[in-house]
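Secondary and tertiary structure notes
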Amino acid sequence: MDSNEIRQLMEQQLAQSRRLKARIRELEAERNEPLAVVGLGLRLPSALTTPDAYWNFLMDGADGTSKIPEDRTGLRSVHAPGGQQPGRSYVDRGGFLRDVSHFDAGFFGISQREADALDPQQRLLLETAWEAMERAGIAVRRQDRLDAGVFIGIMSADYTDRLAHQADKTGIDPYYGTGGGHSLAAGRISYVMGLSGPAMSVDTACSSSLVALHMAARSLRRGECRYALAGGANVIFAPDLMVSLCQSKALAPDGRSKPFLDSADGYGRGEGVGVMVLMRLSDAEREGRPVLAVLRGSAINHDGASSGLTVPNGPAQQEVIRAALAEAGIAPEDVGYVEAHGTGTSLGDPIEARALDAVLGSGAGGRSTPLAIGSVKGRIGHLESAAGMAALIKVVLMLHHGRIPAAGSDEDGELNHLIPWDRMKLSVGRRPSAWPDTYDRRIAGVSAFGMSGTNAHAVLEAYEAAPADAAGRGPATELLTLSAKNPDSLKALVTDTVAYLAGVDEHRLAEVCATLRDGRVAFEHRIAVTAATPQELAERLVKAAEAYTAPTARQATAEVTLRVTDDPTLLQKSVEALLDAHPALRQGLKKLPEQAADRLAEALKPLGLRVRTASGAPRTPRTVAELEWAGQVRPLLTQDTEAGAELLLGILAELFTSGASLRFEGVRPPGTGRPWNLPTYAFLRKRCWIDEPSIDGAAAGGPDDEQPAATGAGLDRQSVIDFLDAELRKVMHADDALDPARTFLDAGGDSFTAMQLTIGIEDEYQIEVPIEEFDVELTLTELFDRLSGYIIRHQAAQTDKELCI
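What you see is a predicted model, and the numbers here were worked out from it, not measured in a lab. (Residues numbered from 1 in each chain as written. Predicted model: local features only at pLDDT ≥ 70, side-chain atom pairs only at ≥ 80, totals over all residues. Heavy atoms only, no water.)

1. Here's the deal with helix α10 (residues 240–247)
Every buried residue belonging to α10 is among Met-242, Val-243, Leu-245 and Cys-246, and all of these are buried. End-on, the buried residues of α10 take up no more than an arc of 165°, which puts them together on one face. Once α10 finishes, Lys-249 follows within two positions and takes phi at roughly 55°, a positive value. (Buried < 20%, exposed > 50% of the residue type's maximum accessible area, 1.4 Å probe, protein only. Helix = DSSP H or I, 4+ residues; strand = E, 2+ residues; numbered from the N terminus. Arc of directions from axis to C-beta.)

Next up, the structure:
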């Protein structure tokens, strides 16, 4: 080879080396890409159901513990005061949820029968997952198969034991198997919401939900999903574990955890459910999601060979914290707060304090300010498999607000004397405080250590968002839309929204309305109003709710006819003014037609409108362009070129309330943010509950009374339809009438329901019904008509056959 060929080869190899190094940097960045927390949903003791309520609770120093609820008869029956006794629990207090028996089964397409058998942990996870997605501004349309994964920490499922432990087993049906299985805690969320990403339940005892977060982070960074729901659930029903923990004296006699206090004498049990939505930070910023905090890194490990299976391992705790810091790229001295595991035990707290100090306190060479530590367990109890989620949500709120709640009060007494506080750079605050200004960044850690030996730690940072361009937007007409699956939920949502609007600055009204439009799914019952101020919107919402009547018909699509003026200059000017007022419509144009009428028609299509252009001038005076649908004619553009933006919103309001399927992204003002704490869906509260067996173990109730077989007399189409309706209600344990316009699936039907209905048909008419006759996508009206036709035809054939014989 000559020198030129050698030089050319060297240049090629150098270029290839540069490309490989760049790709390596990309892969490393993807592996440690920061993740955004964009949505939260929670149910915490005693009645905390929103992030705002939780934050106020944390700052007020309130107590979330209470006596064992009246409906937990098993827990109450084993209580015996006076210390440790065989077969008894000495605890009668903990962090309990106020109500776990009520649920909006219809909203999630679940029958009353299945809801009764469904573990309340799964019910609460469905509700909080839905709320978290709504707070993230992500509309969950089941048919879209959203690219989202679900990762749930859960360690118990003893609600269904009340069926298994009864002498009478006739109450055990197929829902017993799906009602309490751990795998269903995650899988049911994905099924109900139509999510296509990974779905898994995690059980590592007390670290379960923080491990679930770690798994969610790994899945996001590997590109397995675009969104990830990480959560945890813990609701206490069966007395067995309570008795067992009391036999080992793991529980505090007063049912309260006392983290890092000298009075620590065991932990207090607690209940709760929490879900957070995460996504890659770059994607969240691209989509304009509300970023509440940034997950920088996380790690998990195991104690390995320690002094006991359930005994914490200090070196292992140090290792997991260092691993999380390494993944986050965070120096130990930059961490300003750690939400400790802090169960309040004389053994665990000193081990954890020493581990924290070794890595983040005295062991952090550049630390100038003592590391603040705390544990919410002192306020709401130890939520076991949901404890990590309660801690995570607390830290997210702390980073978002820039304040540190008190870790205790002066009335709590001295700090644990087994911890050498004077030789450590750790502090347990007794007053709420601002984040210390000695830190350039707000960074916090969260620890969770499982009884199984699995440890987890996460590192989060406050998110500094750039000011939204729309912050200075002046008063303009806005469109606010609300919807629900029933009138009662709609009116409750109106009430919540009116209360929220009372605190909204008019300069932020655009982002509130835009997020309620395009960040929510549209249901059958709808209200839409337009106004320029929060007060006007609130007043019109109240009037609309008072005048609301359920629609008699639903318009599934928005087919409109467009007519325009024959004055091309005026039309061109008006169309451009409309596109200037709603720039997203212009951005949505796949092409720019030269003719103004064609451009207008194309601009309306991304809104979900099916536009047909008709000849002839507009029918209303001074109108430049008008839309017609279902006998309605409305001006879209007038000679007042600035009025088009408001007229379009009014038309969309009418179409929305008539049932049209619309997409509102095209009328979102540029630069508007997405508020994270808007009102969420107002679930109905209906009791779904299986009573516990009586103390002597007798079954609570017996099988349904036998129904007499039908004689077949008077058989006609309507009588068969009436039977099918009654039988389906019986199978589903439905007290209320079924909506005939809903599909079999939406009404709560499933394969088990279909099987039970066919059995009822066979018993009634002595006709075998093939399962293929059940098209679950049909409405109940269509399904009953199809089945009744099949029954009548085959019974007639059976009768003819008998006559021939």
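2. Topic: the environment of Arg-687
Secondary-structure assignment places Arg-687 in strand β23 (residues 686–687). Judged by its relative accessible area of 41%, Arg-687 is partly exposed. Setting aside anything within four residues of it in sequence, one finds Arg-687 in contact with Ser-101, His-102, Gln-112 and Asp-116. Side-chain polar atoms of Arg-687 contact the side chain of Ser-101, separated by 3.3 Å. (Contact = heavy atoms within 4.5 Å. Polar contact = N/O pair within 3.5 Å; in protein donor to acceptor, adjacent residues only side chain to side chain.)

3. Regarding the side chain of Ser-788
Mapped onto the elements of the fold, Ser-788 is located in helix α25 (residues 780–804). Exposure remark for Ser-788: the relative accessible area of 0% places this residue in the buried category.

4. Let's talk about the sheet that holds strand β21 (residues 623–629)
Reading across from one edge, β20-β19-β21-β22 is the order of the four strands in this open sheet, with mixed pairing throughout. Unpaired on one side and paired on the other, β20 (609–613) and β22 (632–638) mark the two borders of the sheet. Neighbour-to-neighbour, the strand axes of this sheet turn through a mean angle of 30°, independent of strand direction. The pairing of strand β19 (residues 558–564) with β21 spans four bridges and is classified as antiparallel. What sits directly across from Leu-562, in β21, is Leu-627. Contacts between helix α19 (residues 568–581) and the sheet are confined to β19, β21 and β22, with β22 contributing the most and set at about 90° to the helix. (Pairing = 2+ DSSP bridges. Axes fitted to C-alpha atoms, helices over the stretch in contact; angles between N-to-C directions.)

5. What about the sheet that holds strand β10 (residues 337–339)?
Strand order in the open sheet formed by 11 strands is β6-β5-β7-β8-β1-β9-β16-β15-β10-β11-β13, with mixed pairing between adjacent strands. Both outer strands of the open sheet, β6 (199–202) and β13 (426–427), are each paired with one neighbouring strand and no more. Both strand β15 (residues 443–449) and strand β16 (residues 454–461) contribute to a ladder of seven bridges, which runs antiparallel. Looking at β16, one finds that Val-446 is bridged to Ala-458. The strands touched by helix α9 (residues 208–221) are β1 (35–43), β5 (148–154), β6, β7 (227–234), β8 (272–280), β9 (293–302), β15 and β16; relative to β9, the strand with the most contacts, the crossing angle is about 115°.

6. Looking at the environment of Glu-271
Note that Glu-271 resides in the loop between α10 and β8. Spatially, the C-alpha atom of Glu-271 lies 6.7 Å from that of Ile-236, the residues being 35 residues apart in sequence. Filtering out sequence-adjacent residues up to four positions away, Glu-271 remains in contact with Pro-45, Arg-72, Gly-95, Phe-96, Leu-97, Asn-234, Val-235, Ile-236 and Leu-383. Here the side chain of Glu-271 touches Arg-72 through a polar contact of 2.5 Å, side chain to side chain.

7. Looking at the pattern of salt bridges
The tally for this structure, following the rule as stated, stands at 48 salt bridges. A salt bridge links Asp-283 to Arg-280; the shortest N-O distance between them is 3.0 Å. Here Asp-283 and Arg-280 have matching classes, each one buried. Between Glu-602 and Lys-605 there is a salt bridge, and its shortest N-O distance comes to 3.0 Å. Here Glu-602 falls in the partly exposed class, since its relative accessible area comes to 23%. (Salt bridge = Lys/Arg side-chain N within 4 Å of Asp/Glu carboxyl O.)

8. Details of the nonpolar core
With 80 residues, the main nonpolar core has Phe-103, Phe-108, Trp-130, Ile-189 and Leu-480 as its most contacted residues. Contact partners of Leu-480, with chain neighbours within four places excluded, come to Thr-497, Leu-501, Cys-513, Leu-516, Ile-527, Ala-528, Val-529, Leu-537 and Leu-541. Core analysis: the next-biggest nonpolar cluster, separate from the first, contains 55 residues, Leu-392, Ala-444, Ala-456 and Ala-462 among them. (Core = buried A, V, L, I, M, F, W, Y, C linked by side-chain atoms within 4.5 Å.)

9. Details of the packing of aromatic side chains
Counted under the stated rule, the structure contains 18 aromatic pairs. Ring geometry for Phe-103 versus Phe-108: centroids 5.6 Å apart, planes at 5°, classification stacked. On the basis of relative accessibility, which here comes to 7%, the residue Phe-108 falls in the buried class. Pairing Phe-107 with Phe-683 gives two aromatic rings, centres 5.2 Å apart and planes at 80°, and the pair type is edge-to-face. Highlighted residues: Phe-107 in the loop between β4 (102–103) and α4 (112–117) and Phe-683 in the loop between α22 (644–657) and β23, separated in sequence by 576 residues. According to the relative accessible area criterion, Phe-107 is buried, its value standing at 4%. Note on Phe-683: relative accessible area 10%, which makes it buried. Grouped by ring-pair contacts, the aromatic residues Phe-103, Phe-107, Phe-108, Trp-130, Phe-523, Tyr-681 and Phe-683 constitute a single cluster. In this structure, Arg-162 packs its charged tip against the face of Trp-689, placed 4.9 Å from the ring centre. Positioned above the aromatic ring of Phe-656, the side-chain terminus of Arg-526 is 4.7 Å from the ring centre. (Phe/Tyr/Trp six-rings, centres within 6.5 Å; stacked < 30°, edge-to-face > 60°. Lys NZ or Arg CZ within 6 Å of the ring centre and 35° of its normal.)

10. As for unusual backbone geometry
A cis amide bond links Pro-45 to the next residue, Ser-46, at an omega of -10°. Position of Ser-46 among the secondary structure elements: in the loop between β1 and α2 (51–60). With a phi angle near 60°, Arg-622 is a residue other than glycine that sits in the positive phi range. Judged by relative accessible area, Arg-622 falls into the exposed class, the value being 56%.

11. A word on the packing of helix α12 (residues 314–328) against helix α13 (residues 348–360)
Contact pair α12 / α13: the axes reach a minimum separation of 9 Å and the direction vectors enclose 40°. Between α12 and α13, the angle is such that the two are oblique. Considering how the two elements wind past one another, α12 and α13 form a crossing that is right-handed. For the pair formed by α12 and α13, the contact residues are Gly-314, Gln-317, Gln-318, Ile-321, Arg-322 and Leu-325 on the first element and Ile-351, Glu-352, Ala-355, Leu-356, Ala-358, Val-359 and Leu-360 on the second. Among the residues forming the contact of α12 with α13, the class breakdown is eight nonpolar, three polar and two charged. (Parallel < 35°, antiparallel > 145°, perpendicular 65-115°, else oblique. Left-handed = near helix turned anticlockwise from the far one by under 90°. Nonpolar A, V, L, I, M, F, W, Y, C, P; charged D, E, K, R; others polar.)

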